[in-house]
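Residue-level structure breakdown
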Amino acid sequence: MEETRKEIEKTVLVCYSNRRDKKNYHSEDSLEELKFLAETAGAEVVKTFFQQNDIYDSRFMIGKGKAEEISEYVTDNDIKLVIFENELAYTQLRNLEQKIKCKIIDKSNLILDIFASNARTAQAKLQVELAQLEYTLPRLTRQWTHLSKQLGGIGTKGPGETQIETDRRLIKLRISLLKEKLLKVDEQRKTQSKERKNFFRISLVGYTNAGKSTLLNTLTNAGAYVENKLFATLDTSTKSLDLPVNEKGSAVTKFPKKVLISDTVGFIKNLPHDLIESFKSTLSEVVESDLLLHVIDASNHRFTDQMEIVKKTLDEIGAGEKVIINVFNKVDNLENTDMIKHLKSEFKDSVFISAAKGMNIKSLLEKIKEELSKENHERTLKLRPDDHKTVSMIYKLAEVSKVKYLKNSIKVTFRTNDKNYSYLEKII
Ligand SMILES: Nc1nc2c(ncn2[C@@H]2O[C@H](COP(=O)(O)OP(=O)(O)OP(=O)(O)O)[C@@H](O)[C@H]2O)c(=O)[nH]1
Ligand SMILES: [Mg+2]
């Protein structure tokens, strides 16, 4: 990000809370996350304003007096950017911009900006651009967008500066072109997905920065990008994972040994709807998975809220009914052992690990195996007598209990799930 954004912008954060209005109710904690987001985008946060007022001001949201206070602070301290936790109505934004003489953006805008900076692959770039355009279209008349060429920086990376001076018609044209391109990318994904269909598929899901990519690396040596910033991962990456057979001397394990595991984009509170829409293709890996590992940052004091948000987002993308294992991560950060004990008693049937330190990974693998075993059945296949290739594939994908070398065939008895069995049936 540093290479594209050299100038650090002095920034002020604003959060308005109204106890009577669910949409605008926030605790002061919200500012912590907003600060992390702003810093991820390269801003320097110098002050935060938390305004609690149960009378909603349709002109300024935070009230005229507060707007004047912020305006004074902005002028006195050479502030370049004000970020609102709340979504601002068009008139509120216009009124605020008249009072406060610097760029004003909201959280959705900020998240879109981070996505734009972190998009690496062609697909992610297309998806982000689409989301940005969809977001920009109804807000095209905002004052600062006209100024953004001169202002530059956070919130104006936009779908490309050229769009700002173009009209709605051109943006709409670009949107349909992007949708077409994404459709093509999605076709390719579907072909790949078909090939994967025969394998048991696991997805890592969770709040952003929970440690999903770290866990993928620990499990598979994937070399995925890990960073203490929000939305480090925007693309799905899939690796194969060999589940270890560790029962002493036992010939029978009941799970498929080779599974696929995918890391994907993290979630956050109020993830802009345009982003969820345009990332549907990336998120379809989650929807098609057989098992989800919900990675939770146990050391974040807001983890229960974060769990709720992840569940809600999973519902929204159509993955709410999937089998989930809760994986409490970063337990190495918990100094108090009582805390771990408490977590364990509250969240039974979960696992407690440190992906970074490699702690308790074995128990996670055991839990995965347990889940996988649930749908395993014993089956028998009769192969050609020279089909050693399939025999070794069966050893890879299933638990072999008996192999009989007959005169005209090899008869293999094994346990595996429906997916692996139908794959094996197909290749013989
Ligand atoms: N202390 C501690 N830190 C961890 C652990 N796992 C991950 N981290 C740190 O948490 C930060 C985020 O890790 P990532 O693996 O990038 O998290 P992610 O869920 O993939 O995040 P996004 O891709 O941004 O959504 C990094 O600084 C990691 O080093 C852990 O078990 N313990
Ligand atoms: Mg990641």
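Here the structure is a predicted model, which is why all the values come from computation and not from measurement.

Some remarks on the overall build of the protein chain
For the protein chain, the helix and strand inventory stands at 16 helices and 13 strands. For the protein chain, the residues scored as buried account for 38% of the 428 residues in total. Pairs at least 24 apart in sequence give 70% of the contacts found in the protein chain among residues at least 6 apart.

Regarding the sheet that holds strand E8 (residues 291-297)
If you trace the six strands from one edge of the open sheet to the other, you get E6-E7-E5-E8-E9-E10, paired in mixed fashion. Both outer strands of the open sheet, strand E6 (237-242) and strand E10 (351-352), are each paired with one neighbouring strand and no more. Where E6 and strand E7 (residues 258-263) come together, six bridges link them in antiparallel fashion. The partner of Thr238 across the bridge, within E7, is Ser262. Across the sheet, helix H9 (residues 212-220) touches strand E5 (200-206), E6, E7, E8 and strand E9 (324-329), and the angle it forms with E7 is around 155°.

A word on the nonpolar core
Formed by 82 residues in total, the largest nonpolar core has its most connected members in Val14, Val82, Ile83, Ile111 and Phe115. Looking at this core element by element, the count peaks at seven residues for helix H5 (residues 122-136). Residue assignment places this core across two domains, with domain 1 (10-165) and domain 2 (199-373) each supplying three or more. Those residues in contact with Phe115, other than ones at most four positions away along the chain, are Val128, Phe231, Leu234 and Leu275.

Overview of the site of ligand 1
Taken together, 24 residues form the shell around ligand 1, and within it Gly211, Ser213, Asn228, Thr233 and Gly266 come nearest. Among the elements that line the shell around ligand 1, the one with the most residues is H9, at three residues. Its residues assigned to classes, the shell around ligand 1 comprises seven nonpolar, twelve polar and five charged.

Topic: the sheet that holds strand E2 (residues 44-52)
Spatial ordering of the open sheet is given by E2-E1-E3-E4, a layout of four strands whose pairing is parallel. Two strands in the sheet have a free side with no partner beyond their single neighbour: E2 and strand E4 (103-106). Each strand of the sheet is rotated relative to its neighbour by a mean of 20°, with strand direction disregarded. Here strand E1 (residues 10-17) runs beside E2; their pairing, made up of eight bridges, is parallel. From the neighbouring strand, Lys10 faces E2, where its bridge partner is Glu44. Each of strand E3 (81-84) and E4 touches helix H4 (residues 107-118); the most contacted strand, E4, lies at about 90° to it.

Focus on the packing of helix H15 (residues 388-397) against helix H16 (residues 418-427)
Between H15 and H16, whose axes approach to 11 Å, the crossing angle comes to 175°. Judged by the angle between their axes, H15 and H16 are roughly antiparallel. Along the contact surface, H15 presents Thr390, Met393, Ile394 and Leu397, while H16 presents Asn420, Leu424 and Ile427. For the contact of H15 with H16, the per-class residue count stands at five nonpolar, two polar and no charged.

Topic: the pairing of E1
Within a regular strand, side chains alternate between the sheet's two faces. The buried count for E1 comes to six of eight residues, which makes it a mostly enclosed element. Tracing the backbone out of E1, into helix H1 (residues 29-40) and back to the parallel element E2 gives a crossover that is right-handed. Alignment of E1 against E3, held across four bridges, turns out to be parallel. For Thr11, the partnering residue across the bridge sits in E3 and is Leu81.

Some words on unusual backbone geometry
Backbone geometry follows two general trends: most residues other than glycine have a negative phi, and most peptide bonds adopt the trans configuration. In this structure, Asn209 is a non-glycine residue whose phi angle is positive, near 75°. Position of Asn209 among the secondary structure elements: in the loop between E5 and H9. The phi dihedral of Asn360 is positive, around 65°, even though this residue is not glycine. Secondary-structure assignment places Asn360 in the loop between E10 and helix H14 (361-373).

Concerning the confidence of the model for the protein chain
In this model, the protein chain carries a mean pLDDT of 86, and residues with pLDDT of at least 70 account for 89%. Of the regions scoring below 50 in pLDDT, residues 1-5 engages in five contacts with residues more than four places distant in sequence or in other chains. Considering only residues more than four positions removed or in separate chains, one finds that residues 142-151, a stretch of pLDDT under 50, has 16 contacts.

Things to note about the environment of Asn326
Its place among the elements puts Asn326 in strand E9. Spatially, the C-alpha atoms of Asn326 and Leu293 are 6.1 Å apart, while their sequence positions differ by 33 residues.

Let's talk about the pairing of E9
By the bridge criterion, six bridges tie E8 to E9 in an arrangement that is parallel. Bridged to Val295 within E9 is Val327. Remark: the E8/helix H12 (residues 303-317)/E9 crossover connection has right-handed handedness. Of the strand pairs in this sheet, E9 and E10 are connected by two bridges, and their pairing is parallel. Along E10, the bridge assignment pairs Phe328 with Phe352. As a crossover connection, the stretch from E9 through helix H13 (residues 337-346) into E10 is right-handed.

Calculation notes
- Residues numbered from 1 in each chain as written.
- Chains lettered and ligands numbered in written order.
- Predicted model: local features only at pLDDT ≥ 70, side-chain atom pairs only at ≥ 80, totals over all residues.
- Helix = DSSP H or I, 4+ residues; strand = E, 2+ residues; numbered from the N terminus.
- Buried ≥ 20, exposed ≤ 12 C-beta atoms within 10 Å, placed from the backbone.
- Contact = placed C-beta atoms within 7 Å.
- Pairing = 2+ DSSP bridges.
- Axes fitted to C-alpha atoms, helices over the stretch in contact; angles between N-to-C directions.
- Core = buried A, V, L, I, M, F, W, Y, C linked by C-beta atoms within 7 Å.
- Domains from an automatic or database assignment.
- Near = placed C-beta within 6 Å.
- Nonpolar A, V, L, I, M, F, W, Y, C, P; charged D, E, K, R; others polar.
- Parallel < 35°, antiparallel > 145°, perpendicular 65-115°, else oblique.
- Right-handed = clockwise from strand over helix to strand, strands pointing away.
- pLDDT = per-residue confidence, 0-100.

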